Amino acid sequence: QVQLVESGGGLVQPGGSLRLSCAASGTIFTIYRMGWYRQAPGKQRELVASITDGSSTNYANAVKGRFTISRDNAKNTLYLQMNSLRPEDTAAYYCNAGVHLPDRPPYDYWGQGTQVTVSS
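Residues numbered from 1 in each chain as written. Predicted model: local features only at pLDDT ≥ 70, side-chain atom pairs only at ≥ 80, totals over all residues. Heavy atoms only, no water.

A. The arrangement of the sheet that holds strand β3 (residues 18–26) in detail. Pairing is antiparallel across the open sheet formed by 4 strands, whose spatial order is β1-β3-β8-β7. Lying at the two open borders of the sheet, with one neighbouring strand each, are β1 (2–7) and β7 (67–72). Neighbouring strand axes in the sheet, compared pairwise and without regard to direction, differ in orientation by 15 degrees on average. In terms of strand pairing, β7 meets strand β8 (residues 77–82) through 6 bridges, oriented antiparallel. Each residue of the ladder has a partner; that of T68, found in β8, is Q81. (Pairing = 2+ DSSP bridges. Helix = DSSP H or I, 4+ residues; strand = E, 2+ residues; numbered from the N terminus. Axes fitted to C-alpha atoms, helices over the stretch in contact; angles between N-to-C directions.)

B. The arrangement of unusual backbone geometry in detail. Residue S55 is not a glycine yet carries a positive backbone phi of 70 degrees. Summarising the element assignment, S55 is placed in the loop between β5 (46–52) and β6 (57–59). Judged by its relative accessible area of 44%, S55 falls in the partly exposed class. Despite not being glycine, S84 has its phi angle at roughly 50 degrees, a positive value. (Buried < 20%, exposed > 50% of the residue type's maximum accessible area, 1.4 Å probe, protein only.)

C. Summary view of the side chain of S50. Tracing the backbone through its elements, the reader meets S50 in strand β5. With sequence-adjacent residues up to four places away left out, S50 is seen in contact with R33, M34, G35, S56, T57, N58 and I69. (Contact = heavy atoms within 4.5 Å.)

D. Local environment of the nonpolar core. Residues L4, W36, L80, M82 and Y93 are the most contacted members of the largest nonpolar core, which totals 30 residues. If you list the elements that add at least two residues to this core, you get β1, β3, β4 (31–39), β5, β7, β8, β9 (91–99) and β11 (114–118). Sorting elements by how many residues they give to this core places β9 first, with 5 residues. With residues up to four places along the chain from it excluded, the contact list for L4 reads C22, A23, A24, M34, C95, N96, A97, Y109, W110, G111 and Q112. (Core = buried A, V, L, I, M, F, W, Y, C linked by side-chain atoms within 4.5 Å.)

E. Up close: the packing of aromatic side chains. Evaluation of the coordinates by the stated rule reveals 2 aromatic pairs. For the pair Y37 and W110, a centre-to-centre distance of 5.0 Å together with 65 degrees between the ring planes defines the contact as edge-to-face. With Y37 in strand β4 and W110 in strand β10 (residues 107–110), the pair connects residues that are 73 residues apart, well separated along the chain. Seen in terms of ring centroids, Y107 and Y109 are 5.0 Å apart; in terms of plane orientation they differ by 70 degrees. Their pairing is edge-to-face. One Lys or Arg, R45, reaches over the ring of Y94 and ends 4.0 Å from the middle of that ring. Between R45 and the ring centre of W110, over which it is positioned, the NZ or CZ distance is 4.6 Å. (Phe/Tyr/Trp six-rings, centres within 6.5 Å; stacked < 30°, edge-to-face > 60°. Lys NZ or Arg CZ within 6 Å of the ring centre and 35° of its normal.)

This is how it looks when you write it as structure tokens:
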């Protein structure tokens, strides 16, 4: 069982910055990939960025050069640094953890979501 607790969302003006945090607890040794997804009203959920246990990263084209995903293994925490924010970045952001156990199929855990609103 993995629990994910997100924080750091809020209201920011265009061009501003926010850092989202996702604290993981439970059987965290089973996590092989973590990522950030977002979902805007009327839109489907989309991958923003992901990072594997080998530190390989992947970014959506819309955020490349502006967002950075990172992790602090000592704190069991995932981060998303968001710079040069745009109104189109407005969405609920969700932390995701992919787990893999030898006798179970892969399974995704999700955080509760944190709202990011970019508006002047």
